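# Descriptive structure summary
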Amino acid sequence: MPNYWLMKSEPDVFSIDQLQKQQTSLWDGVRNYQARNFMMKDMKPGDRVLFYHSNAKPPGVAGLATISKEAVPDPTQFNKKSEYYDPKAQADHPRWFCVEVAFAKKFNRLVTLDEIRKKKGLEKMLVIQKGQRLSIQPVTKKDFDIICKMGEGS
DNA sequence: GCCAACGTTGGC
DNA sequence: GCCAACGTTGGC
């Protein structure tokens, strides 16, 4: 049975269109322990993902992805030239992990944060809770399905 | 660009 | 282990 997630990305940095172009991508650069733990411990291949565009105008869910590989050490933590370089990470003791995601589909229309706020039944989604800024969040199947329908509508 | 909310760091 | 200072997120 798959789990359901919402993963945030700033479209200026990495968008659903880029994922579609390259089909798969490591979800690297996550530097938050709670988000890391979701990837390390809870995500497994086949899990479904709402691809959320944050810091966008407007922000919202742009499409769907699927977890294609379980977590591996995030290579950017060892790369001194990367903005995600972490001097405290050691090769034999990595600190950060990332899963691989595969493109699934781009919605016909963006499901905006504003619509999610107003939609009956989605009141409990973490993404609309005040102060919630975790970049990877668990989602219920019910909420996942509602968002999918909204994204496929006209 | 502002800033509320939250996470992390580091001195003690 | 506390907590002030600082950094980041992300909507607006």
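What counts and what doesn't
- Residues numbered from 1 in each chain as written.
- Chains lettered and ligands numbered in written order.
- Predicted model: local features only at pLDDT ≥ 70, side-chain atom pairs only at ≥ 80, totals over all residues.
- Heavy atoms only, no water.
- Pairing = 2+ DSSP bridges.
- Helix = DSSP H or I, 4+ residues; strand = E, 2+ residues; numbered from the N terminus.
- Axes fitted to C-alpha atoms, helices over the stretch in contact; angles between N-to-C directions.
- Contact = heavy atoms within 4.5 Å.
- Phe/Tyr/Trp six-rings, centres within 6.5 Å; stacked < 30°, edge-to-face > 60°.
- Buried < 20%, exposed > 50% of the residue type's maximum accessible area, 1.4 Å probe, protein only.
- Near = heavy atom within 4 Å.
- Polar contact = N/O pair within 3.5 Å; in protein donor to acceptor, adjacent residues only side chain to side chain.
- Salt bridge = Lys/Arg side-chain N within 4 Å of Asp/Glu carboxyl O.
- Core = buried A, V, L, I, M, F, W, Y, C linked by side-chain atoms within 4.5 Å.

### With respect to the sheet that holds strand S6 (residues 136-139)
- A sheet is described by the order of its strands in space; here 6 strands give the open sequence S2-S5-S4-S3-S1-S6, paired in mixed fashion. Each edge of the open sheet is held by one strand with a lone partner, namely strand S2 (24-26) and S6. Adjacent strand axes in the sheet meet at a mean angle of 35° when their direction is disregarded.
- Packing of helix H2 (residues 33-42) onto the sheet brings it into contact with strand S1 (4-9), strand S4 (60-73), strand S5 (97-112) and S6, and relative to S5 it is tilted by some 110°.

### Quick look at the packing of aromatic side chains
- Taken as a whole and assessed by the stated rule, the structure comprises 6 aromatic pairs.
- Between the aromatic rings of Phe 14 and Phe 51, the centroid separation amounts to 6.3 Å while the plane-to-plane angle is 40°, which identifies the pairing as tilted. On the criterion of sequence distance, the pair formed by Phe 14 in the loop between S1 and helix H1 (16-22) and Phe 51 in strand S3 (residues 48-53) is long-range, its members being 37 residues apart.
- Given the relative accessible area of 13%, Phe 14 is considered buried.
- Take Phe 51: its relative accessible area is 1%, and that puts it in the buried class.
- Feature note: the residues Phe 14, Trp 27 and Phe 51 constitute an aromatic cluster, connected by ring pairs.

### Observations regarding the protein's contact with DNA strand C
- Close contacts around DNA strand C come from Lys 8, Tyr 52, Ser 54, Asn 55, Pro 59, Leu 113, Arg 117 and Arg 133, and that covers them all.
- Put simply, 68% of the atoms of DNA strand C that lie within 4 Å of the protein are in sugar or phosphate.
- Within the side chain of Tyr 52, a nitrogen or oxygen atom sits 2.7 Å from a phosphate oxygen of DNA strand C.
- Contact between DNA strand C and Asn 55: a phosphate oxygen at 2.9 Å from a main-chain N or O atom of the residue.

### Let's talk about the environment of Cys 148
- Relative to the helices and strands, Cys 148 resides in helix H4 (residues 141-152).
- Note: C-alpha distance between Cys 148 and Phe 107 (41 residues apart in sequence) is 7.9 Å.
- Excluding its chain neighbours within four sequence positions, the residues that come into contact with Cys 148 are Leu 64 and Phe 107.

### Here we look at the pattern of salt bridges
- Within this structure, the stated rule accounts for 10 salt bridges.
- Salt-bridge contacts for Lys 69 lead to Glu 100; the nearest nitrogen and oxygen are separated by 3.6 Å. With a gap of 31 residues between them, Lys 69 in strand S4 and Glu 100 in strand S5 connect regions that are remote in the sequence.
- Ionic pairing is found between Arg 95 and Asp 86, a salt bridge with its closest N-O pair at 3.6 Å.
- What makes Arg 95 partly exposed here is its relative accessible area of 25%.
- Residue class for Asp 86 comes out buried when judged on its relative accessible area of 10%.

### As for the nonpolar core
- Met 7, Trp 27, Met 39, Met 43, Val 99, Val 101 and Ile 136 are the most contacted members of the largest nonpolar core, which has 22 residues in total.
- Looking at this core, the elements with two or more residues in it are S1, H1, H2, S3, S4 and S5.
- Every residue in contact with Met 39, bar those within four places of it in the chain, is listed here: Met 7, Trp 27, Val 30, Ala 71, Phe 97, Cys 98, Val 99 and Ile 136.
- Core analysis: the next-biggest nonpolar cluster, separate from the first, contains 20 residues, Tyr 52, Phe 107, Ile 116 and Val 127 among them.

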